[in-house]
Amino acid sequence: MSVPELQAGFLSLGQASARRAVVEAASRGRLDRTLLVHGPPGAGKGAFVDDLLALLLCHAAAPAERPCNACRACRDARARTHPDLVVGSPERWRESRAQGESIVGVARRWLLETAGAPIAGPRRVLVVEGVDRANEQIQNVLLKALEEPTPRQVFVLTAADPARVLPTIRSRSQPLRVGSVAHDELVAWLVDRERLPADQADALARIAQGLPGRAIGYARQPALVEWRRRTQAELMSLLWRGPADRFSSVRDLLDQAPAQSSAEIEAAPTEEGSRVSSAVQRAAALSVIEAWEGLARDLLVAVAGRPSQAGASQLLTGLDEAARALRPAELVGFLKLLERIRDGLVQNAAPRLALEVAMLSWPRPRRDAAR
């Protein structure tokens, strides 16, 4: 998306509380030296971080005018090309290892190399993406840098799950939560910015469950919407099928899943020596789990008598019928299981085995329910 040169302020959608907190702190010169931007995949953390970078690196004289989005510093910050901006992540560090070097050693070297003086402005901004995907050793290395920051350094950390970030890092960070936005606000954004018809924008907002990054991803990649429709249709049909059919479907679900979905699912971390294909398979499994969670939640919405409010109703036929055949308590328990499975995948659980475990617990219709 091109940046309007004369439009000052944050350009991301929603997130009023996080935006207000950081803008007010910056205007008073009291912005913490470590910011932790957290929220679920698809919430739009990347767009919010772009706003933060422009705010931190903007050259506008008055703090209240930042980010101005007109100066070169703002443009370079948003393009991630500013000379005082450095970006790292567990995946980047893994890829930049020298022969025989550990990922912990790379992270330590990265922190040392980025501790220099700023080049073009008053501060250097260090972004660590997916800090919750870093193991405890790496987080401890990062903690040492956060404990003794230089006056001209600001750290911006991102995490999908802040509970996986060391408490000692969280206690030294200003938390900025990024989440879903109001349905009408998201629909209006999709109509205005993505030039979608109102009915299509409404459908995508419901499918995305109010998460702007996910909705924009669907708008720009229609193939992902079709994949989600096929996947949820297959999962719904498996409600009425036995264990053999359920298990045999797992391989196809993995093979057909995107390795990175509109929900901004990042490739899961791999231990040293793991094959890259394993990380890709875990990312594909996470995509399936995301679609599965959405379907299970929508079935609960339909059970509550509001099928038109369910995102899956925009893609599937028979959602209301399936919901009437299921017990709400079983769906609630299944959603909790999917959450545990998702956490396990992030921690390197075997993708196929994880989906097979989910298949075992995917609720079965009541015996008195007609198909």
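First, a word on what this report is: a plain description of the structure on this page.

Procedures and definitions
- Residues numbered from 1 in each chain as written.
- Predicted model: local features only at pLDDT ≥ 70, side-chain atom pairs only at ≥ 80, totals over all residues.
- Heavy atoms only, no water.
- Helix = DSSP H or I, 4+ residues; strand = E, 2+ residues; numbered from the N terminus.
- Buried < 20%, exposed > 50% of the residue type's maximum accessible area, 1.4 Å probe, protein only.
- Contact = heavy atoms within 4.5 Å.
- Salt bridge = Lys/Arg side-chain N within 4 Å of Asp/Glu carboxyl O.
- Core = buried A, V, L, I, M, F, W, Y, C linked by side-chain atoms within 4.5 Å.
- Phe/Tyr/Trp six-rings, centres within 6.5 Å; stacked < 30°, edge-to-face > 60°.
- Lys NZ or Arg CZ within 6 Å of the ring centre and 35° of its normal.

**What to know about the overall build of the protein**
Secondary structure assignment for the protein yields 16 helices and 5 strands. Expressed as lengths along the three principal axes of its C-alpha atoms, the size of the protein is roughly 70 × 50 × 30 Å. Out of the 371 residues in the protein, the part that is buried amounts to 50%. A fraction of 74% describes how many contacts in the protein between residues 6 or more apart in sequence connect residues 24 or more apart.

**Quick notes on the pattern of salt bridges**
All chains considered together, the criterion is met by 24 salt bridges. The salt bridge involving R164 is made with D161; its shortest N-O contact spans 3.7 Å. One salt bridge connects R327 with E330, and the closest N-O pair in it is separated by 3.7 Å. Within the structure, one salt-bridge network assembled from shared partners comprises D50, R80 and E129.

**Details of the nonpolar core**
Core analysis: the biggest nonpolar cluster contains 59 residues, and L190, W292, L295, L299 and W362 have the highest contact counts within it. For this core, the element with the highest residue contribution is helix α13 (residues 276-303), accounting for 11 residues.

**Considering the packing of aromatic side chains**
Counting across every chain of the model gives 5 aromatic pairs. Between W292 and W362, the ring centres sit 5.6 Å apart and the planes meet at 80°, which makes this aromatic pair edge-to-face. In this pair, W292 sits in helix α13 while W362 sits in the segment after α16 (351-361), placing the two residues 70 residues apart along the sequence. Judged by its relative accessible area of 0%, W292 is buried. Seen in terms of ring centroids, F334 and W362 are 4.8 Å apart; in terms of plane orientation they differ by 45°. Their pairing is tilted. Taken together, the residues F334 in helix α15 (residues 328-346) and W362 in the segment after α16 connect sequence positions 28 residues apart. Ring pairs connect the aromatic residues W292, F334 and W362, which therefore count as one cluster. The ring of W189 is capped by R193, whose NZ or CZ atom sits 4.2 Å from the centre of that ring.

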